[in-house]
Amino acid sequence: MLGGDYKAVSASGQVYKLILKIKNTGEYAVFGGYRLGSKGSKIVVEVISKEDFYPTSGVREVSPGDIEILDPQPYND
C-alpha cells in the first residue's frame, strides 16, 4: 500500500495509519507522496474503503487544500 510508510506512533508505542479525507468527494485515502510541478504541488493519495481501510479505486493527485487529516487508525498491515 502506498500509504504504508506514512505512520504516527503514540506514546504507548501503538502505530497508527493517518487517514485522509478528500473534501470534495468524501472519499478516504492514505498518503502516497508529493508531486511538485510548475503548476503547483499536489499530494498523491491512494483511495481506500471507509469500512476496512483497504485500497479501492486507485491513486490520484489532489491539492493540499482539498484534504483533511482524520483521526489516526491502528496500523495492522
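Residues numbered from 1 in each chain as written. Predicted model: local features only at pLDDT ≥ 70, side-chain atom pairs only at ≥ 80, totals over all residues. Heavy atoms only, no water.

> What am I meant to see in the overall build of the protein chain here?
Assigned secondary structure in the protein chain consists of zero helices and eight strands. Walking the protein chain from its N terminus toward its C terminus, one meets helices and strands in the order β-β-β-β-β-β-β-β. Within the span of the protein chain, comprising 77 residues, buried residues form 30% of the whole. Restricting the contact set of the protein chain to residue pairs at least 6 apart, pairs at least 24 apart contribute 43%. Surface accessibility of the protein chain: about 4,900 Å² in total, with carbon and sulfur atoms responsible for 48%. (Helix = DSSP H or I, 4+ residues; strand = E, 2+ residues; numbered from the N terminus. Buried < 20%, exposed > 50% of the residue type's maximum accessible area, 1.4 Å probe, protein only. Contact = heavy atoms within 4.5 Å. Areas by Shrake-Rupley, 256 points an atom, 1.4 Å probe, with all protein chains shown as cover.)

> Would you take a moment to explain the side chain of S49 for this structure?
Looking at where S49 falls in the secondary structure, it is placed in the loop between strand 5 (40–48) and strand 6 (55–62). On the basis of relative accessible area, S49 is assigned to the buried category, the value being 12%. Here E51 takes part through its side chain, which lies 3.0 Å from a polar atom of the side chain of S49. For S49, the contacting residues outside a window of four places in its chain are Y54 and T56. (Polar contact = N/O pair within 3.5 Å; in protein donor to acceptor, adjacent residues only side chain to side chain.)

> Would you take a moment to explain the sheet that holds strand 7 (residues 67–69) for this structure?
Strands in a sheet are paired, the pairing made by backbone hydrogen bonds, and the direction either parallel or antiparallel. Judged by pairing direction, the sheet is antiparallel, and its five strands sit side by side in the order 6-5-4-3-7 without closing on themselves. The outermost strands of the open sheet, each flanked by one partner alone, are strand 6 and strand 7. Strand-to-strand twist in this sheet, taken as the mean axis angle between neighbours without regard to direction, amounts to 35 degrees. Inspection of the sheet shows strand 4 (residues 28–37) paired to strand 5 by nine bridges, in the antiparallel sense. Looking across to strand 5, one finds that G37 is bridged to G40. (Pairing = 2+ DSSP bridges. Axes fitted to C-alpha atoms, helices over the stretch in contact; angles between N-to-C directions.)

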